[in-house]
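In case you want the letters, here they are:
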Amino acid sequence: MFAYVIRRILATIPVMGVVAIFVFLLLHLTPGDPAAVIAGDYASPADVERIRETLGLNRPLHIQFFTWAGRLFQGDLGISIFSKVPVIKLIGQRIEPTLALATTTIFFAVLVAVPLGVLAAWKSGTWIDRSVMIFAVLGFSVPIFIIAYSMIWTLSIHLHWFPVQGYKSFLIQTGTGIDGAAIIGIGFEGVCRDSGRSGCGLVPFFRHITLPSVALGLVYVALIARITRASVMEVLTEDYIRTAHAKGLSSRVVLIRHALKNASVPIVTVIGIGIALLLGGVVVTESVFNIPGLGRLTVDAILHRDYPIIQGLILIFAGVYVLINLLVDISYTFLDPRIRY
Amino acid sequence: MDAIADESLIVRGSLGARVWQYCRRNPTIVIGALLLLMMLIIALLASHLTPDPMKLNPIKRLRVPGEGMLFGTDMYGRDVFARTLHGSRISLLVGLSAAAVSTLFGLTIGLMAGYNRLFDTIVMRFMDGIMAIPSILLAIALVSLTGASVGIVIVAISIPEIPRVVRLVRSVVLTIREQPYVEAAISVGARLPKILLRHILPNTLAPLIVQATYVCASAMITEAILSFLGAGTPPDIPSWGNVISEGRQYFQRAPWIIFFPGVFLTITVLAVNILGDGLRDGLDPRIARQMR
């Protein structure tokens, strides 16, 4: 087990190495002068030269790569061309809304999709099963921004149940320390830690994050529900399920303790693979709902051709994907004791 | 070729009876194909069915659907019906082209990776790396750095899809190459290109066609997202993503600018997905069993 974990961790190194090389070469793969590409169409020769100097683009390619990779190991992702702020600092400032959105979306998706998939498998061939499958196909076919705008139109603009846009942190100022600095904590409603205005806390947070999470989560729900249904249906044909029924166990116990537990490996796998879908969707969702997270930072950086930010964000997103799939792989041994490496 | 030996595809009788039987046994393929055909006809006849989608008419700006304008007008008085119908051209062009490009490259690389261990080791690490980058992020980065054009958008959307096709083809090749008939072909001295083209390639086609439909659906959504975020096709081209992106600012006042292209995009993607599911059930019963 321990050897497997070490082997699996080591296997992520070449993947991240390829990501790093690809991200580094991205600018050089584009036709023309990289400095001119970043500077844009209206830049003066002086601007192009300044960018070339700042990014060290006038040095040999391999020197550029090793310098960049060396800085990367020290946690230095470079400095934004547009705002002149270190990329790591910009990412730090924007990470909370994205983490909150991704976490609530995963919770929402798993809590809805797994019961739906189990129900569809249990009631296989009935209208419940067909409805779940139709929903799964629709979930894959409706783009996130269409779902998002439909929900804003009905639930926010017409029914006034949720705010149209924006983000409110769940962190509030809970008091003042002896040095006068604010003490930050979690509370239902209170003063925001950054702006000093009221309107933050768990209640405003959930009011603002519900629609984005549901909009982003529907495609994920479709994916997980479909796989859950397929794997539970397969497990339901096993002999031990018949034995469990024959012992007189209730359907609920058979479904949850016997079927779902044994069907968990493919479900957890698809949750891991779906993270790429989720991270891509974050970019769109944050744009529609005006959430100041990493997705919005990505769009802003791309529109400004702020290359160091684009590089940093791709690395962070790819790193999260690799890390989550590493955890998924390791979880197999806990979920299914038959799996031994 | 056991993959296509599905009951549902074996039909007998006259041609008309066979077509009818096939349609009855595979309703999803028929529904998906008909919807897609309808969208293709709309795309081809868009210029004949509607006025100029770029024609400005400020006097008629933000007209409600129905007042002489079937889908209403946008903030510049342009006909949303014309823009929606013309948008189908870009979406279908990008979807079908991305499916073709990624399938062609994926098939070539996958065949080679499945048969050559050294090539496999190097290429699959590279593919794993690309798969770790969210496809939308990779596509918008590529478009923003190379400049927006329909060709660039197709390439940018195809690149993240290639590893998925490579993985699929490689897995089929790894299974097929151990089959007795391939060993027999090797033993009678058949050369590698012949083995790949005559014995292995036909077995990859069924799952590949199914995968191509999913790539097509995903590419259409990605194209719309890229244009929506301002990193897709040039704004002067009325793609669905561009029309929706321009309508964002007026969403509360004129939701129809977003609604109609959104519905058309959804129907098209749904058609391709339904067709893909139908083909999967018909052509590849092994995957169908896993998904059912």
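Residues numbered from 1 in each chain as written. Chains lettered and ligands numbered in written order. Predicted model: local features only at pLDDT ≥ 70, side-chain atom pairs only at ≥ 80, totals over all residues.

1. Describing the nonpolar core
Right, so step 1: Formed by 177 residues in total, the largest nonpolar core has its most connected members in Ala148, Ile224 and Ile314 of chain A together with Ile140 and Ala141 of chain B.
Right, so step 2: Among the elements that make up this core, the one with the highest residue count is helix 8 (residues 202-236) of chain A (20 residues).
Right, so step 3: Each of two domains, domain 1 (12-73) and domain 2 (87-143 + 151-160 + 214-335) of chain A, supplies a minimum of three residues to this core.
Right, so step 4: Discounting chain neighbours no more than four positions away, the residues touching alanine 148 of chain A are Ala215, Thr285, Val288 and Phe289 of chain A. (Core = buried A, V, L, I, M, F, W, Y, C linked by C-beta atoms within 7 Å. Buried ≥ 20, exposed ≤ 12 C-beta atoms within 10 Å, placed from the backbone. Helix = DSSP H or I, 4+ residues; strand = E, 2+ residues; numbered from the N terminus. Domains from an automatic or database assignment. Contact = placed C-beta atoms within 7 Å.)

2. Things to note about the domain arrangement of chain A
All names here are of chain A.
Right, so step 1: According to the domain assignment, chain A consists of domain 1 (12-73) and domain 2 (87-143 + 151-160 + 214-335).
Right, so step 2: A separation of 34 Å is found between the C-alpha centroids of domain 1 and domain 2.
Right, so step 3: Top contributing element to the side of domain 1 that touches domain 2 by residue count: helix 1 (residues 2-29), with seven residues.
Right, so step 4: Each residue belonging to the side of domain 1 that touches domain 2 can be placed in one class, and the counts come to eight nonpolar, two polar and no charged. (Nonpolar A, V, L, I, M, F, W, Y, C, P; charged D, E, K, R; others polar.)

3. Considering the pairing of strand 1 (residues 171-176) of chain A
Residue and element names in this part refer to chain A.
Right, so step 1: Relative to strand 2 (residues 182-186), strand 1 runs antiparallel, the two being bridged by five bridges. Paired with leucine 171 across the strands is isoleucine 186, a residue of strand 2.
Right, so step 2: Between the antiparallel neighbours strand 1 and strand 2 lie five residues, among them glycine 180 with a positive phi of about 90°. (Pairing = 2+ DSSP bridges.)

4. With respect to unusual backbone geometry
All names here are of chain A.
Right, so step 1: Unlike most non-glycine residues, lysine 84 shows phi in positive territory, near 65°.
Right, so step 2: Within the element layout of this structure, lysine 84 appears in the loop between helix 4 (61-73) and helix 5 (87-122).
Right, so step 3: Its identity is not glycine, yet arginine 305 carries a phi of approximately 50°, on the positive side.

5. Examining the interface of chain A and chain B
By a frequent convention, interface size equals the accessible area lost on bringing the separate parts together.
Right, so step 1: Between chain A and chain B, the contact holds 40 residues from the first and 39 residues from the second.
Right, so step 2: It is helix 1 of chain A that provides the largest number of residues to the side of chain A that touches chain B, a total of seven residues.
Right, so step 3: Its residues placed into classes, the side of chain A that touches chain B shows 33 nonpolar, five polar and two charged.

6. Looking at the packing of helix 5 of chain A against helix 13 (residues 307-335) of chain A
Residue and element names in this part refer to chain A.
Right, so step 1: It is at 10 Å that the axes of helix 5 and helix 13 come closest, and there the two elements cross at 55°. Classified by the angle their axes make, helix 5 and helix 13 are oblique. In this structure, helix 5 meets helix 13 at a crossing whose hand is right-handed. Contacts between helix 5 and helix 13 involve Val87, Leu90 and Ile91 from the first element and Pro308, Ile309, Gly312 and Ile316 from the second. (Axes fitted to C-alpha atoms, helices over the stretch in contact; angles between N-to-C directions. Parallel < 35°, antiparallel > 145°, perpendicular 65-115°, else oblique. Left-handed = near helix turned anticlockwise from the far one by under 90°.)

7. A closer look at the environment of tyrosine 115 of chain B
Residue and element names in this part refer to chain B.
Right, so step 1: Examined against the element boundaries, tyrosine 115 turns out to sit in helix 3 (residues 80-115).
Right, so step 2: Taking the C-beta count within 10 Å as the criterion, tyrosine 115 has 17 such neighbours and is therefore assigned partly exposed.
Right, so step 3: In this structure, the C-alpha to C-alpha distance between tyrosine 115 and valine 173, residues 58 residues apart in sequence, is 7.3 Å.
Right, so step 4: Apart from residues no more than four positions distant in its own chain, tyrosine 115 is found in contact with Val173, Arg177, Leu192 and Leu196.

8. Brief notes about the packing of helix 3 of chain B against helix 10 (residues 256-283) of chain B
Residues and elements named next belong to chain B.
Right, so step 1: Here helix 3 crosses helix 10 at 35°, and the two axes come no closer than 10 Å. By crossing handedness, the relation of helix 3 to helix 10 is classed as right-handed. Seen from helix 3, the contacting residues are Val80, Thr84, Gly87, Ser88, Ser91 and Gly95; seen from helix 10, they are Trp256, Ile257, Phe260, Pro261, Phe264, Leu265, Thr268 and Val272.

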